[in-house]
Amino acid sequence: MSSIQTVGIIGSGTMGNGIAQACAVSGIRVVMVDIAQAAVDKGLATIAGSLDRLIKKEKMTADDKAKALALIQGSTNYDDLKGAQLVIEAATENEGLKVKILQQLDSILAPEVIVATNTSSISITKLAAATQRPDRFIGMHFFNPVPMMALVEIIRGLQTSDATHDAVKAMAEALGKTPITVKNAPGFVVNRILVPMINEAFFVLAEGLATPEDIDAGMKLGTNQPIGPLALADMIGLDVCLAVMNVYMAEYNDSKYRPAPLLKEMVAAGWLGRKTGKGVYTY
């Protein structure tokens, strides 16, 4: 396996353009593909704006920005991915859509190309089984915002080969990220621990043990987290937190994953957090 010089990215949304930026800043060529030119243009504009903020903070020069942007090719044509050694699928979190994309990639890419998915919840083993390259399929779970967050969870499906894992791990390190290797299971590692903690904070809130502000202050000051669990839930979206808990409940069939009734109630009210202007807090 030659080292990865060109990375294809499917999807130019928040995760896709973040991954593209991280690659380009590290000197890796990127082909970022989305279905509509408007989406591609928006992704490229987001990257340019993000690099401008880094220039303002004196973390890079205008010359660095120009070099990074020159390495990114936006496209609406899957054929442009043919030169990539690794293609990362970062489309919407929808299993049917991801399977369709993966099967389309199989028909275009050479057999030795590695395909990764940036899913946060769908089984890597199941997605691998839908491709013609299950041994060269892997999960690369980046965290948002990608340019800032140091972690990448590398998730091995049952079929993933050691060579595929090692190539992707080396590539994550080349981006300046710290990869952790995880076996495939719902929630992987970080979200499996994080989202039940958020859910527990809703139980604590519903029991009236403390105010939301005090619960968040306690976790920030007592466990060194940069943001409290309730404020984080508002940032993630209460509907997303509930959906994740429902997946754990269904997949593990263990009552410790039951969603907090208050969380369900707030989602039913349409109080989803920052995106609706009201969640645990009002924005």
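Residues numbered from 1 in each chain as written. Predicted model: local features only at pLDDT ≥ 70, side-chain atom pairs only at ≥ 80, totals over all residues. Heavy atoms only, no water.

When you go through the chain residue by residue, the secondary structure sums to 11 helices and eight strands. A globule of 283 residues ought to have a C-alpha radius of gyration of about 19 Å, and the chain, at 20 Å, matches this closely. The burial tally for the chain puts 46% of its 283 residues in the buried class. Long-range pairs, those at least 24 residues apart, make up 65% of the contacts in the chain with a sequence separation of at least 6. Carbon and sulfur atoms form 56% of the exposed surface of the chain, whose accessible area is close to 13500 Å². Positive and negative side-chain charges of the chain, numbering 26 and 28 respectively, have mean locations separated by a distance of 1 Å. (Helix = DSSP H or I, 4+ residues; strand = E, 2+ residues; numbered from the N terminus. Rg over C-alpha atoms; globule rule 2.2 N^0.38 Å. Buried < 20%, exposed > 50% of the residue type's maximum accessible area, 1.4 Å probe, protein only. Contact = heavy atoms within 4.5 Å. Areas by Shrake-Rupley, 256 points an atom, 1.4 Å probe, with all protein chains shown as cover. Lys, Arg positive; Asp, Glu negative; His and termini not counted. Charge placed at Lys NZ, Arg CZ, Asp CG, Glu CD.)

With that settled, consider the pattern of salt bridges. In total, this model carries 10 salt bridges according to the counting rule given. Because the salt bridges share partners, they merge into one network encompassing Glu89, Glu93 and Lys98. (Salt bridge = Lys/Arg side-chain N within 4 Å of Asp/Glu carboxyl O.)

The next point concerns a nonpolar patch on the surface. Together, Met235, Ile236 and Val240 make up a nonpolar patch on the protein surface, roughly 230 Å² of accessible area in all. Mapped onto the fold, Met235 is located in helix H9 (residues 229-236). (Patch = residues over 30% accessible without salt bridge, like charges linked within 9 Å, V, L, I, M, F, W, Y side chains within 5 Å.)

Of the voids in this model, the largest pocket is the one considered here, and its volume is about 1400 Å³. Looking at the largest pocket, it is lined by 39 residues, and the ones nearest its centre are His141, Phe143, Asn144, Asn191 and Ile236. Taken as a whole, the second largest pocket encloses approximately 260 Å³ of empty space. Surrounding the second largest pocket, 15 residues form its lining, Gln21, Ser50, Arg53, Pro145 and Pro147 being those nearest its centre. At the level of secondary structure, the elements contributing two or more residues to the lining of the second largest pocket comprise helix H1 (14-25) and helix H2 (37-56). Broken down by element, the residue count for the lining of the second largest pocket peaks at five residues, all from H2. Of the residues contributing to the lining of the second largest pocket, the split by class is six nonpolar, seven polar and two charged. (1 Å grid on protein atoms, 1.4 Å probe; cavity = no way out; pocket = protein on both sides within 12 Å on 5 of 7 lines; lining within 4 Å. Points joined across faces, edges and corners; volume = space filled by probe spheres on them. Nonpolar A, V, L, I, M, F, W, Y, C, P; charged D, E, K, R; others polar.)

The next thing to look at is the side chain of Lys65. Checked against the element boundaries, Lys65 lands in helix H3 (residues 62-70). Owing to a relative accessible area of 19%, Lys65 belongs among the buried residues under this scheme. Sequence-distant contacts of Lys65, defined by excluding residues within four places in its chain, comprise Ala48, Leu51, Asp52, Ile55 and Met60.

Now for the packing of helix H7 (residues 190-206) against helix H10 (residues 238-252). Where H7 meets H10, the axes come as close as 10 Å, and the angle between the chain directions of the two elements is 115°. The angle between H7 and H10 places the two elements in the roughly perpendicular class. With respect to the hand of their crossing, H7 and H10 are arranged in left-handed fashion. Touching Asn191, Arg192, Val195, Pro196, Ile198, Asn199 and Phe202 of H7 are Leu238, Cys241, Val244, Met245, Tyr248 and Tyr252, all from H10. (Axes fitted to C-alpha atoms, helices over the stretch in contact; angles between N-to-C directions. Parallel < 35°, antiparallel > 145°, perpendicular 65-115°, else oblique. Left-handed = near helix turned anticlockwise from the far one by under 90°.)

Here the focus is the pairing of strand S8 (residues 178-183). Of the strand pairs in this sheet, strand S7 (residues 151-156) and S8 are connected by six bridges, and their pairing is parallel. Residue pairing for S8: Ile155 is matched across the bridge by Val182. As for the winding sense of the linkage, the β-α-β connection from S7 through helix H6 (residues 162-174) to S8 is right-handed. (Pairing = 2+ DSSP bridges. Right-handed = clockwise from strand over helix to strand, strands pointing away.)

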